[in-house]
Amino acid sequence: MAQLNPVQLQKHLKGVDYPARKQDLIDHVRQKGADEAAISALEKLPDREFKNPIEVSQAIADLK
């Protein structure tokens, strides 16, 4: 399985209207052509609202 590239993930999240729910983030990165590692990481996040991209990155880091 491919490793998640946090910089690439943030590029895919560019343009998201925050606050955003988990499913909104997944839908957005799919439209931006994100790889399976990025989509898989977002799918593991808790189903909640994220206020900004930093919260998304922190939540992904907390999964590890």
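Fair warning: this is a prediction, and the values are worked out from it, not measured in the lab.

S.K.: For the packing of helix H2 (residues 22-31) against helix H3 (residues 36-43), give the residues involved together with the corresponding values.
M.R.: In helix packing, the relevant descriptors are the interaxial angle and the interaxial distance, both defined with respect to the helix axes. Close contact between H2 and H3 brings their axes to 9 Å; oriented N to C, the two are set at 175°. When the interaxial angle is binned, H2 and H3 end up roughly antiparallel. In contact with Lys22, Leu25, Ile26, Val29 and Arg30 of H2, H3 contributes Ile39, Leu42 and Glu43. In the contact of H2 with H3, the residues fall into five nonpolar, no polar and three charged.

S.K.: So what's going on with the nonpolar core? Residues and values would help.
M.R.: Counting residues in each nonpolar core, the largest one holds 18 residues, and the members touching the most others are Leu9, Leu25, Leu42, Val56 and Ile60. When residues of this core are traced back to their parent elements, those giving at least two are helix H1 (6-13), H2, H3 and helix H4 (53-63). In this structure Leu25 touches Leu13, Val16, Tyr18, Ala20, Leu42, Phe50 and Val56, once residues within four positions along its chain are discounted.

S.K.: Hey, could you go over the packing of H1 against H2 for me, with residue numbers and the actual values?
M.R.: Viewed as axis vectors pointing N to C, H1 and H2 meet at an angle of 95°, and their least axial separation amounts to 8 Å. The pairing of H1 with H2 is recorded here as roughly perpendicular in orientation. Within the contact between the two elements, H1 uses Leu9, His12 and Leu13 and H2 uses Leu25, His28 and Val29. For the contact of H1 with H2, the residue count by class is four nonpolar, two polar and no charged.

Cut-offs and rules
Residues numbered from 1 in each chain as written. Predicted model: local features only at pLDDT ≥ 70, side-chain atom pairs only at ≥ 80, totals over all residues. Heavy atoms only, no water. Axes fitted to C-alpha atoms, helices over the stretch in contact; angles between N-to-C directions. Helix = DSSP H or I, 4+ residues; strand = E, 2+ residues; numbered from the N terminus. Parallel < 35°, antiparallel > 145°, perpendicular 65-115°, else oblique. Contact = heavy atoms within 4.5 Å. Nonpolar A, V, L, I, M, F, W, Y, C, P; charged D, E, K, R; others polar. Core = buried A, V, L, I, M, F, W, Y, C linked by side-chain atoms within 4.5 Å. Buried < 20%, exposed > 50% of the residue type's maximum accessible area, 1.4 Å probe, protein only.

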